[in-house]
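Remarks on the overall topology
Here is how the chains run, residue by residue.
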Amino acid sequence: MMQSNIAPSGMAVTPHHLASASAQRILRAGGNAIEAMVAAAATIAVVYPHMNSLGGDGFWLIVPPEGEPIAIDASGAAGSLATRQRYAGHARIPHRGAQAALTVAGTVSGWQEALACAAELGGNRPLPLSTLLEDAIGYAADGIPVTQSQEDSLTSRHDELCDFAEFSRVFMPQGQIPRTGSRFIQSDLAATLRQLADDGLDSFYRGTLAERMARQMAALDMPLTLDDLAAHRARRTVPLTLAHSRGEVFNLAPPTQGLVSLAILGITDRLGMEDLSDSQTIHRLVEATKLAFRLRDRYITDPRLIDQNMQDLLSSQHLDELAGNVDTRCASSWGEGKGPGDTVWLGTCDRNGLAVSFIQSIYHEFGSGVILPGTGVLWQNRGASFSLDPHHLLALAPGKQPFHTLNPAAARLSDGRTLVYGSMGGDGQPQTQAALFTRHVIQRMPLQQAITAPRWLLGRTWGQATDTLKLEDRFQPATVQALRGLGHDVELLSGFSETVGHAGAIVRHPNGMLEGAADPRSNGSAAGF
């Protein structure tokens with residue numbers, strides 16, 4: 001994939017082509033970018049079930065054609081029963097099972113809040129919720145083709161998940177891993193989506209669906225209650241803003257690591273990135289990443305517990321100081337990353353210029369592995385990022401929000417373009433965002449080529465304890481050699497590895513044309529009209 005798709009009236013980019021088509025259908029019907037995103041989010045929860053679910057969290061960055069961007073934090077807090085005493089005897093919170101499913105799932109509340117935002121922004125007559133969820137219901141009931149990504153995830157994680165009875169019943173019928181291209185049906189999930197369409201999205205938290213899920217949570221001994229669901233609501237927040245030489249760049253405030261993504265771009269904006277070799281481009285971005293990760297690990301937690309003003313960390317003076325610590329001739333040492341995470345990034349833009357950058361996630365692939373019986377809802381394991389050390393910044397406590405790697409990005413460029421972009425991938429999210437922005441905006445690489453080009457990841461991947469610099473093997477040998485010469489501990493990945501994420505982007509040009517690009521590492525597409 002080397003050419004972007006360009007269309008005049010609407011554009012959607014997702015890592016699964018069926019989700020892109022769902023968004024496109026809503027845009028064609030006169031829906032706005034927010035409604036299109038809800039449709040895409042519902043569909044991708046069905047067709048990419050190893051990476052996201054109704055039982056996960058979501059974050060929205062809504063960029064209207066005029067006025068300030070709007071952020072929505074649709075992430076859930078730790079349940080009222082999620083005390084450190086509950087995990088006595090554990091060195092850390094388990095990553096799988098009922099005790100890993102300890103935070104409220106916020107994503108459906110984000111759909112609800114985003115639709116409320118769309119109503120306030122005005123414009124089109126709102127489309128019925130049943131219309132927005134129609135594709136998702138159909139795909140769950142009639143079946144979807146299993147992707148290679150889903151088969152690979154089941155194969156690699158089989159031993160961690162096969163003992164969970166409901167998970168095995170749903171995802172491995174007759175005890176077999178569904179093969180790529182086979183039909184995969186999720187009847188219970190279809191029924192849940194129908195109930196949401198009939199009763200409204202609020203029923204996930206305060207209705208008969210919530211009551212049924214709470215009974216299942218109690219039966220499974222999850223640390224969540226009906227009261228925890230009822231207390232949850234998505235929050236509108238003020239996004240962080242970076243004053244960049246090419247325009248304004250936006251991302252999410254804590255509990256996300258949006259600060260990291262903006263800090264990397266702010267630091268490298270001071271390092272002359274325009275006409276560099278691949279090795280120096282990667283080196284400078286990696287060194288900036290190390291500095292940004294230190295900010296993250298020092299400050300980011302539940303926003304109610306943060307004293308530091310996050311926006312001040314993006315001031316010109318502070319970024320100047322950080323940039324002064326980058327040695328362009330030598331790699332610095334660093335600690336360790338947070339590790340990987342599976343996520344989906346989706347983008348939409350409508351004919352009126354309303355643009356949305358959105359992320360939906362269950363943290364690790366297949367989350368906790370817990371499916372609430374009879375609902376088809378696979379619950380996230382985001383709470384595994386808490387620490388059981390009472391003195392740790394991320395110490396577990398009931399009602400506390402966990403740290404999130406999730407951070408959808410957007411920019412208003414000084415040349416009149418609007419850009420929404422993002423990626424899956426835990427520690428890799430800010431790195432892939434930086435690669436895309438640097439290549440396309442600063443080094444003037446065409447949008448699709450900027451996404452298709454080989455990428456890198458500083459940090460750990462699944463099942464590995466090494467925090468090396470991992471490069472796709474499509475880089476020139478001279479680039480690999482140069483990075484090793486600079487002191488980087490380099491490992492090579494396969495040519496189009498999912499390890500470096502599923503990136504995507506939409507650019508709205510000053511003439512109103514919409515340019516979209518999807519990642520060939522995914523099953524995605526850029527669907528416009």
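Residues numbered from 1 in each chain as written. Predicted model: local features only at pLDDT ≥ 70, side-chain atom pairs only at ≥ 80, totals over all residues. Heavy atoms only, no water.

An unreviewed UniProt entry annotates the protein chain as Gamma-glutamyltransferase originating from Musicola paradisiaca.

1. Focus on the overall build of the protein chain
The helix and strand inventory of the protein chain stands at 15 helices and 21 strands. Taking 24 Å as the expected radius of gyration for a compact globule of 529 residues, we find that the protein chain reaches 21 Å, a close match to that expectation. When burial is assessed residue by residue, the protein chain has 64% of its 529 residues classed as buried. Across the protein chain, the fraction of contacts at a sequence separation of at least 24, relative to all contacts at a separation of at least 6, is 73%. Carbon together with sulfur atoms contributes 48% to the accessible area of the protein chain, which is approximately 18200 Å² in total. For the protein chain, the centre of its 42 positive side-chain charges and the centre of its 52 negative side-chain charges are spaced 1 Å apart. (Helix = DSSP H or I, 4+ residues; strand = E, 2+ residues; numbered from the N terminus. Rg over C-alpha atoms; globule rule 2.2 N^0.38 Å. Buried < 20%, exposed > 50% of the residue type's maximum accessible area, 1.4 Å probe, protein only. Contact = heavy atoms within 4.5 Å. Areas by Shrake-Rupley, 256 points an atom, 1.4 Å probe, with all protein chains shown as cover. Lys, Arg positive; Asp, Glu negative; His and termini not counted. Charge placed at Lys NZ, Arg CZ, Asp CG, Glu CD.)

2. Observations concerning the sheet that holds strand S18 (residues 490-493)
Spatially, the three strands line up as an open sheet ordered S16-S17-S18, and their pairing is mixed. The open sheet terminates on both sides in strands that have one partner only, identified here as strand S16 (456-458) and S18. Each neighbouring strand pair of the sheet contributes to a mean axis angle of 20°, computed without reference to strand direction. With four bridges connecting them, strand S17 (residues 469-472) and S18 associate as parallel partners. Bridged to Glu 472 within S18 is Leu 493. (Pairing = 2+ DSSP bridges. Axes fitted to C-alpha atoms, helices over the stretch in contact; angles between N-to-C directions.)

3. Looking at the domain arrangement of the protein chain
One can read the domain layout of the protein chain as domain 1 (18-56 + 74-232 + 361-385) and domain 2 (237-341 + 405-528). At the junction of the two partners, domain 1 supplies 13 residues and domain 2 supplies 15 residues. Summed over both partners, the interface of domain 1 with domain 2 comes to about 1100 Å²; 48% of that surface belongs to carbon and sulfur atoms. Taken together, domain 1 and domain 2 are joined by zero salt bridges. (Domains from an automatic or database assignment. Buried area = accessible area lost by both parts, 1.4 Å probe. Salt bridge = Lys/Arg side-chain N within 4 Å of Asp/Glu carboxyl O.)

4. Regarding helix H7 (residues 187-199)
Given a rise of 1.5 Å per residue, 13 residues ought to cover 18 Å, and the 18 Å separating the end C-alpha atoms of H7 matches this to within 8%. Along H7, the residues that are buried comprise Leu 189, Ala 190, Thr 192, Leu 193, Gln 195, Leu 196 and Ala 197. As for H7, its buried residues are in contact with helix H2 (33-47), helix H4 (129-142), helix H8 (208-220) and strand S13 (377-378). (Expected span 1.5 Å × (residues − 1).)

5. A few points about the pattern of salt bridges
Summed over the entire model, instances satisfying the criterion amount to 27 salt bridges. We note a salt bridge from Arg 25 to Asp 135, for which the minimum N-O separation is 3.2 Å. In this pair, Arg 25 sits in helix H1 (residues 17-28) while Asp 135 sits in helix H4, placing the two residues 110 residues apart along the sequence. Owing to a relative accessible area of 27%, Arg 25 belongs among the partly exposed residues under this scheme. For Asp 135, a relative accessible area of 17% puts it in the buried group. Arg 96 serves as the salt-bridge partner of Glu 365, at 4.0 Å between the closest nitrogen and oxygen. Of this pair, Glu 365 sits in the loop between strand S11 (355-363) and strand S12 (371-372) while Arg 96 sits in the loop between strand S4 (70-74) and helix H3 (107-121); the two residues are 269 residues apart in sequence, bridging distant segments of the chain.

6. Let's talk about empty space enclosed by the protein
Here the structure, examined in full by the defined rule, presents two cavities of 30 Å³ or more. If you add up the space inside the largest cavity, you get close to 60 Å³. Around the largest cavity, the lining residues are Ala 45, Pro 49, Asn 52, Ser 53, Leu 54, Phe 171, Gln 186, Leu 189, Gly 376 and Leu 378. Broken down by class, the residue content of the lining of the largest cavity amounts to six nonpolar, four polar and no charged. (1 Å grid on protein atoms, 1.4 Å probe; cavity = no way out; pocket = protein on both sides within 12 Å on 5 of 7 lines; lining within 4 Å. Points joined across faces, edges and corners; volume = space filled by probe spheres on them. Nonpolar A, V, L, I, M, F, W, Y, C, P; charged D, E, K, R; others polar.)

7. Side note on the packing of helix H10 (residues 258-268) against helix H13 (residues 428-442)
The geometry of H10 relative to H13 is characterised by a closest axis approach of 9 Å and an angle of 40° between their N-to-C directions. Relative to H13, the element H10 lies oblique. Considering only the axes of H10 and H13, their crossing is right-handed. Listed contacts from H13 to Val 260, Ser 261, Ile 264 and Leu 265 of H10 are Pro 430, Gln 433, Ala 434, Phe 437 and Thr 438. Of the residues assigned to the contact of H10 with H13, the class counts are six nonpolar, three polar and no charged. (Parallel < 35°, antiparallel > 145°, perpendicular 65-115°, else oblique. Left-handed = near helix turned anticlockwise from the far one by under 90°.)

8. What about the side chain of His 318?
Relative to the assigned elements, His 318 resides in helix H12 (residues 316-323). Setting aside residues up to four positions removed in sequence, His 318 forms contacts with Leu 295, Asp 312 and Leu 313.

9. Quick word on unusual backbone geometry
With an omega dihedral of 20°, the bond running from Pro 254 to Pro 255 counts as a cis peptide bond. Tracing the sequence through the fold places Pro 255 in the loop between strand S9 (247-251) and H10. Of note, the phi angle at Phe 366 is positive, near 65°, even though the residue is not glycine. Note that Phe 366 resides in the loop between S11 and S12. You can call Phe 366 buried: its relative accessible area is 0%. One non-glycine residue, Arg 444, lies in positive phi territory at about 60°. Turning to its location among the elements, Arg 444 is positioned in the loop between H13 and helix H14 (447-452).

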